[in-house]
Amino acid sequence: MGKQFRRQYRLLFGKSAETGLLLTSEDLSTDKGITGLHMTFTIEKDTTKETNKSEIKIWNLSDESLDLVQKEDTMLDLSVGYRDDIGLVRIFIGSLITCHTKLENDGKDVVTTIKCSDGKLAIRDSIVSQAFPPGTNSLTIIRGLAQSMGLAADIAADVQGTTYDNGYSFIGYAKDSLDVVCGALGATWSVQNNMLQVIMRNGVTRKQGIVFSAETGLIGRPERIIRSSKKTNNLAEGEKEDKIIDASGIITPEIKRKRKQKAKKRRKTSQAGWRIETLLAPTVNPGDAVRIESGVVSGWFKVERVKHTGGVYITDWKSEIDCIEVMLDEE
């Protein structure tokens, strides 16, 4: 990421995101593509099961082009990048949620705002009837679910499957089956750019190696983030028991042990990390491992959330990235 110059973009609308309305930067112009229109994008992604979202604004589309965009479940495929670096990279693919057009700038501009969701159709419409024989590995089930949802499966290397000795059967929404199978492995799932991504709860994807420093796009000073997990019911009950005994003035070794266990749980479930701002990094997705090198922090972190923003006639193309480390007791 050392040559972030000569920005490029390719925006395609269509029923399959392969044919339809095409908008491109000037250097990518074709007979079928439209160039010269102002366009902005805001894309937000995270590692949760909630679908990633994007908001695209386009200025002064023709009525004919609007008719191509304003269709139910229209697919949007946006690629951006730098000509002198890695070129075009798909930064978002998803289906239309809402589309509305209004006049701005005293009626001089017609602005169309399009909101899309990554994986909405796969999650909403995928109902499965599964029946796997005894001895089936859980990773086989996950790949089968991905196929039934029309998605490719991207399973992290440290996700170790288990064997269902009595087989596995399920009827219902594919997302609910994923909850069951992934939950049993201590893994989480999400949809990233039309792919089913499965990683361990505190794990990362197979993609690692991006380094953010002042020389490679890091902007300003990293911002410290501390997040505390909610207490569990069992923990709250244990604390109530301690208070009762403390009131009597008796603190037994058993109570001390319980307090240490609760403190350990807090440290293990707390998350600490950094929020950084960089020049647009379209290859970064939630779950990836990235390295930060700055005067205040250096190390490897897991991307929990990323927000990409930019546009055709906008000076700043940026990514805001939340990088989280899991705080564990030292052995």
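Quick caveat, the model's predicted, so the values are computed rather than measured.

## Notes on the overall build of the protein chain
Piece 1. For the protein chain, the count of helices and strands is six helices and 20 strands.
Piece 2. Looking at the protein chain as a whole, 45% of its 331 residues are labelled buried.
Piece 3. The contacts of the protein chain with a sequence gap of at least 6 include a subset with a gap of at least 24, amounting to 66%.

## Looking at the environment of L151
Piece 1. With respect to the helices, strands and loops of the structure, L151 is situated in the loop between α3 (138-148) and β10 (152-155).
Piece 2. Accessibility expressed as a relative area gives 7% for L151, which makes it buried.
Piece 3. Once the C-alpha coordinates of L151 and L196 are considered, the two residues, 45 residues apart in sequence, prove to be 6.0 Å apart.
Piece 4. Those residues in contact with L151 that lie beyond four places of it in its chain are A122, A146, V191, N194, M195 and L196.

## Side note on the side chain of T51
Piece 1. Examined against the element boundaries, T51 turns out to sit in the loop between β3 (39-46) and β4 (52-59).
Piece 2. For T51, a relative accessible area of 17% gives the class buried.
Piece 3. A distance of 2.7 Å separates polar atoms of two side chains, one belonging to T51 and the other to S117.
Piece 4. Beyond its immediate stretch of four places on either side in the chain, T51 contacts S117, D118, G119, K120 and I123.

## Some points on the sheet that holds strand β14 (residues 195-200)
Piece 1. Strand order in the open sheet made by the three strands is β10-β14-β13, with mixed pairing throughout. Looking at which strands have only one partner, the edges of the open sheet turn out to be β10 and β13 (187-192). Neighbouring strand axes in the sheet, compared pairwise and without regard to direction, differ in orientation by 20° on average.
Piece 2. Two elements, β13 and β14, share six bridges in a ladder whose sense is antiparallel. Each bridged residue has a counterpart across the sheet, and for Q192 the counterpart in β14 is M195.
Piece 3. Relative to the sheet, α3 contacts β10 and β14, its axis offset from that of β10 by approximately 145°.
Piece 4. Across the sheet, helix α4 (residues 174-185) is in contact with β13 and β14; its angle to β13 comes to roughly 140°.

## Considerations on unusual backbone geometry
Piece 1. With a phi close to 55°, N105 is a non-glycine residue in the positive phi region.
Piece 2. Take N105: it is sitting in the loop between β6 (87-104) and β7 (109-118).
Piece 3. Residue N105 is classed as partly exposed on the basis of its relative accessible area of 45%.

## Focus: the nonpolar core
Piece 1. Formed by 27 residues in total, the largest nonpolar core has its most connected members in I142, L178, W189, L196 and V198.
Piece 2. At the level of elements, α2 (120-125), α3, β12 (168-173), α4, β13 and β14 are the ones that each hand at least two residues to this core.
Piece 3. Counting 25 residues, the second largest nonpolar core, distinct from the first, contains Y9, L76, Y82 and L96.

## Some remarks on the packing of aromatic side chains
Piece 1. Under the defined criterion, the tally for this structure stands at three aromatic pairs.
Piece 2. Centroid distance Y82 to W317: 6.2 Å. Interplanar angle 50°. Geometry classified as tilted. Here Y82, found in strand β5 (residues 75-82), pairs with W317, found in the loop between β19 (298-311) and β20 (318-326); they are 235 residues apart in sequence, far enough to count as distant. Grouping residues by exposure puts Y82 and W317 together as buried.
Piece 3. Grouping aromatic residues by their ring pairs yields a cluster made of F41, Y82 and W317.
Piece 4. Sitting over the face of the ring of Y173, K175 holds its NZ or CZ atom 5.5 Å from the ring centroid.

Analysis parameters
Throughout this document, residue positions are counted from 1 along each chain, in the order its sequence is written. Confidence filtering applies because this is a predicted model: local features only for residues at pLDDT of at least 70, side-chain atom pairs given and counted only at 80 or more, and all residues used for totals across whole chains, interfaces and linings. Hydrogen atoms and water are omitted, and side-chain values are computed over all heavy atoms in the structure. For the purposes of this entry, the term helix denotes a DSSP run of H or I that reaches at least four residues, the term strand denotes a run of E that reaches at least two, and both are numbered from the N terminus. When a residue's accessible area, from a 1.4 Å probe over protein chains only, is under 20% of the maximum for its type it is buried; when over 50% it is exposed; and in between it is partly exposed. Contacts were defined at the residue level, with two residues in contact if any of their heavy atoms lie within 4.5 Å. Whenever two N or O atoms come within 3.5 Å, that pair is a polar contact, provided that in protein one can donate a hydrogen and the other can accept it, and provided that, for residues adjacent in sequence, both atoms are side-chain atoms. Note on pairing: DSSP must find at least two bridges between two strands before they are called paired. For helices, the fitted axis covers only the stretch in contact; all axes are lines through C-alpha atoms, and the angles between them, taken along N-to-C directions, range from 0 to 180 degrees. Put simply, buried Ala, Val, Leu, Ile, Met, Phe, Trp, Tyr and Cys residues joined by side-chain atoms within 4.5 Å make one nonpolar core. Pairing of aromatic rings covers Phe, Tyr and the six-membered ring of Trp, with a centre-to-centre limit of 6.5 Å; geometry is then stacked below 30 degrees between planes, edge-to-face above 60, and tilted otherwise. We call a charge positioned above a ring when the Lys NZ or Arg CZ atom is no farther than 6 Å from the ring centre and deviates by at most 35 degrees from the ring normal.

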